Amino acid sequence: MSGLNVIAVGTLREVAEYLSSGAVPRMPRSHAALPRPSDSIVSCDFDQVIGQDAAIRAIQVAVAGGHNLIMVGPPGGGKTLLASCVPSILPAMDEHEALEVTCIQSITGTVSPDGLAQKRPFRRPHHTVSPVGMLGGGNPPMPGEVTLAHRGVLYLDEFCEFVPQVIESLRGPMEDGFIVVSRSHGRIGFPSRFMLIASANPCPCGYLGDPERVCVCQGAALMRYRRKLAGPVIDRIDIQIEVPRVRRMDLERPVAIFTSDSIREEVERARARQGARFSQRGFTNSAMGPRSIESVARLTPAARGLLLDAVDRMALSARAYHKLIKVSRTIADLDGIDDVEEVHVLEALQYRALDSEPQAVLSYG
Amino acid sequence: MDDAKSDITWDGVPEPRDAELASWVFWHMCPGIGPRSLRRLLMEFGTAAAAAHAASRSAKRPDFVSREAWRIASSVPDAVGAGQSEIELASRHGARVVALPSREYPPLLRQIYDPPAVLYVMGRASLADAPWIAVVGSRSATSYGTGAARYLARQLTAAGAGVVSGMARGVDSAAHRGAIEAGGVTVGVIGAGLAYQMTPRLQRLAGEVAKSGCVVSPFHMNYPASRGTFPARNRVISGMAHACLVVEAGVRSGALVTSAFATEQNRDVFAVPGDINRPTSAGTNALIYDGARPVIGARRFVEELAAAGIPVRLPNTAGGGRTHNLGPADEAVFEAVQSDTSFEDIHLSLSMPARDVLASLSRLEVLGLIVRGPGLRYSRKHC
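Residues numbered from 1 in each chain as written. Chains lettered and ligands numbered in written order. Predicted model: local features only at pLDDT ≥ 70, side-chain atom pairs only at ≥ 80, totals over all residues. Heavy atoms only, no water.

### Side note on the overall build of chain B
Then comes step 1: Scanning chain B for helices and strands turns up 17 helices and 12 strands.
Then comes step 2: Taking all 383 residues of chain B together, 57% fall into the buried category.
Then comes step 3: Counting contacts in chain B only where the partners sit at least 6 residues apart, residues at least 24 apart contribute 69% of the total.
Then comes step 4: As presented, chain B carries roughly 15900 Å² of accessible surface, and 51% of it is formed by carbon and sulfur atoms. (Helix = DSSP H or I, 4+ residues; strand = E, 2+ residues; numbered from the N terminus. Buried < 20%, exposed > 50% of the residue type's maximum accessible area, 1.4 Å probe, protein only. Contact = heavy atoms within 4.5 Å. Areas by Shrake-Rupley, 256 points an atom, 1.4 Å probe, with all protein chains shown as cover.)

Set out below in structure tokens:
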């Protein structure tokens, strides 16, 4: 821990001696010299993922810009594997962030004996989690999942299976970056700046839109399910992708293998560019407000023209428009380019599966 | 057709108006009175109104009308009023009543064995206008089926044909949607009264279809859906169409009922072949084995329709009208996109990074050259 001068004393006599003469009894053992815990703890690496190049790229963009992400696809597509690989590409925490994470861990009594937390938290609450478990509460008030995921990732597998109230309640913490737990003996504010990753099946049976398997969902059930894939929380998810089932053929013929390390390097560079631009630590493109978007994004005339074309043709809302600009900005940052160009907008257009698709899905369903 | 079937002709029956139309509606609503009974009533009494009047006076029952049906008909004191209020009910729902001799009644449907005497129609299009082609298939369709239905419906629209289908989930919906997307007319026939409760999905599709085409029911406004109403609906679908195309159907699919009616009504039946090990294509493959014509491409399909004397026009050279200047990468991606092609396939066939493929796909989508379906699949937009 830098900036702190720690003096270890064993007895009151030593305190008195130190205060009178300034004699330091003995040097404390430093934890900082401990080696970083080996990366074997990081469970998954993207080199284990085969045949989901588009999804991996989308995840890279999401992490680089701190964008929330939702993956929609049939069972067996590897959504969970992809999500569990995310920690391996998260940028390293600076000391300030590490201190925050450690503080939270100390409340719940999970501080590691090695000192400050090294890894960003990756929280994966089960879909039966209660509102209190998600937001925090109890007596005395304890942090919930949104706070435990602070500076890290909150992964909601089977997003549509969560109780609607729990999902709705995420809206506040996602927007504000903190959550206030009010109880009879007072109010406690907990930080909750996390990246949300959600995954969901396209329909209750999971095979909607599959080229080979028949979706057996009935119309009404399907409508009810799809309604959960819309709403205020989904609206705040910048990157929405589909993860199709992998066919055996693709498993045998991978196009390219990505390693988490190479992906993380690019992410770190993109984050550094964002930090320099906003001159604020930990600030990412996803946190841009509508006002700063226009001044910060810096679209080339061609890119702006294309964006407006797309807005017309695909009937995008103002929110979708802003999401597109933010994601395009992040893709440009990954490329290390100052101005957002056409190609960045084009790629961003692919990451809006839920903005564009429901109509087609509902009528086929 | 044997004599027993051809003895009844609707030629020369004048188009009913006002009180006579209301009487037609009354007889149409009357259980036990089919179109053939109505025709014979017309021959016996001259007009539908006169027949209703005779029934209400408990006149002698004609022997082709069942005792029960005659009893019900005679129990209604004001037949014309009953028909009138049904017509009013229809107009409150934005629907109109089209009687069989009307100019708007689909001419082909008039020629089948038992055409509905009255159709309830909601929507702008006229039923007599387009050369209708039935596009039907399974509710539980794969994306192959919905993709093919949508694509072929677009092509039919481009060829000047109208798409008629059954508004069900799966293939039917995709066919309607393809026609709407291509700016064509489409007719959805439903197996219940137009005022009978609709699921939200059906209601929504009905709204879309009625905007450019129309929704049709052979049943009176509040007629409930049941097992028996769907074959009747299928008979109307195949009856008003010049040809019947089955896109995807399992061995027990209702679409096969439609195609059987089409055969019975002497219409050409086409089927889209599928994988031999895919259960949802077993019915269509069997149709082809039994003599239905396989659809191996949209152009050939339209050519065959034209050769059969159906007034469709062949689309001018496919893809030749493209004026966009594509870069080499976009061009390569466009070449790789066919119908319902998955991202993996596009990506595998090109040695380009995923992000460049994604960017090209977006550009093609913004240019309107391709459309994106569920499951990260892309198709060319042909119209």
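The rest of the description comes next.
### What to know about the confidence of the model for chain B
Then comes step 1: In this model, chain B carries a mean pLDDT of 88, and residues with pLDDT of at least 70 account for 95%.
Then comes step 2: Among the prediction metrics, the complex's ipTM stands at 0.77, with pTM recorded as 0.70. (pLDDT = per-residue confidence, 0-100.)

### Some points on the pattern of salt bridges
Then comes step 1: As enumerated under the stated definition, the model contains 32 salt bridges over all chains in all.
Then comes step 2: Residue A:Arg151 pairs with A:Glu97 through a salt bridge whose shortest N-O separation is 3.7 Å. Separated by 54 residues along the polypeptide, A:Arg151 in the loop between helix H6 (145-148) and strand S5 (153-156) and A:Glu97 in helix H4 (residues 95-108) bring together distant segments of the chain. Each member of the pair, A:Arg151 as well as A:Glu97, is classed as buried.
Then comes step 3: The salt bridge partner of A:Glu242 is B:Arg372, with a shortest N-O separation of 3.9 Å. Note that A:Glu242 is positioned in strand S9 (residues 239-242) and B:Arg372 in strand S11 (residues 370-373), a pairing that runs across two chains.
Then comes step 4: Assessed through its relative accessible area of 8%, A:Glu242 is described here as buried. (Salt bridge = Lys/Arg side-chain N within 4 Å of Asp/Glu carboxyl O.)

### Re the packing of helix H13 (residues 290-297) of chain A against helix H15 (residues 318-335) of chain A
All names here are of chain A.
Then comes step 1: Two numbers describe how H13 lies on H15: the axes approach to 10 Å, and their chain directions differ by 40°. Classed by the angle they form, the pair H13 and H15 counts as oblique. At the point where H13 passes H15, the crossing takes the left-handed sense. The segment H13 lies against H15, with Pro 290, Ile 293, Glu 294, Val 296 and Ala 297 engaging Tyr 321, His 322, Ile 325, Lys 326 and Arg 329.
Then comes step 2: Partitioned by chemical class, the residues of the contact of H13 with H15 number six nonpolar, one polar and three charged. (Axes fitted to C-alpha atoms, helices over the stretch in contact; angles between N-to-C directions. Parallel < 35°, antiparallel > 145°, perpendicular 65-115°, else oblique. Left-handed = near helix turned anticlockwise from the far one by under 90°. Nonpolar A, V, L, I, M, F, W, Y, C, P; charged D, E, K, R; others polar.)

### Quick notes on the interface of chain B and chain A
Then comes step 1: The interface of chain B with chain A comprises 41 residues on the first partner and 47 residues on the second.
Then comes step 2: The contact between chain B and chain A buries some 3900 Å² in all, and 55% of this surface belongs to carbon and sulfur atoms.
Then comes step 3: Among the residues chain B hides against chain A, the three largest losses belong to B:Arg169, B:Arg355 and B:Val366. Together they make up 18% of the total.
Then comes step 4: Across the pair B:Arg355 and A:Asp335 runs a salt bridge, and its minimum N-O distance is 2.8 Å.
Then comes step 5: Inspection of the region where chain B meets chain A yields seven residue pairs in polar contact (both at pLDDT 80 or more).
Then comes step 6: Looking at the side of chain B that touches chain A, the elements that each hand over two or more residues are helix H8 (143-158), helix H9 (171-181), helix H10 (200-212), helix H16 (343-349), helix H17 (354-366), S11 and strand S12 (377-380) of chain B.
Then comes step 7: Counting residues per element, the side of chain B that touches chain A draws most heavily on H17(B), which supplies nine residues. (Buried area = accessible area lost by both parts, 1.4 Å probe. Polar contact = N/O pair within 3.5 Å; in protein donor to acceptor, adjacent residues only side chain to side chain.)

### Examining the sheet that holds strand S2 (residues 122-123) of chain A
Residues and elements named next belong to chain A.
Then comes step 1: Ordered by their spatial adjacency, five strands build an open sheet running S2-S5-S8-S1-S9, and the pairing between neighbours is parallel. Each of the sheet's edge strands pairs with one partner strand only, and the pair in question is S2 and S9.
Then comes step 2: As paired strands, S5 and strand S8 (residues 195-200) are joined by four bridges and run parallel to one another. Bridged to Val 153 within S8 is Met 195. (Pairing = 2+ DSSP bridges.)

### Side note on the packing of helix H11 (residues 229-240) of chain B against helix H12 (residues 255-264) of chain B
All names here are of chain B.
Then comes step 1: At a minimum axis separation of 8 Å, H11 and H12 run at an interaxial angle of 50°. Of the possible angle classes, the one that applies to H11 and H12 is oblique. Note on packing geometry: the crossing formed by H11 with H12 is right-handed. In contact with Pro 231, Asn 234, Arg 235, Ile 237 and Ser 238 of H11, H12 contributes Val 257, Thr 258, Phe 261, Ala 262 and Glu 264.
Then comes step 2: Split into classes, the residues belonging to the contact of H11 with H12 amount to five nonpolar, three polar and two charged.

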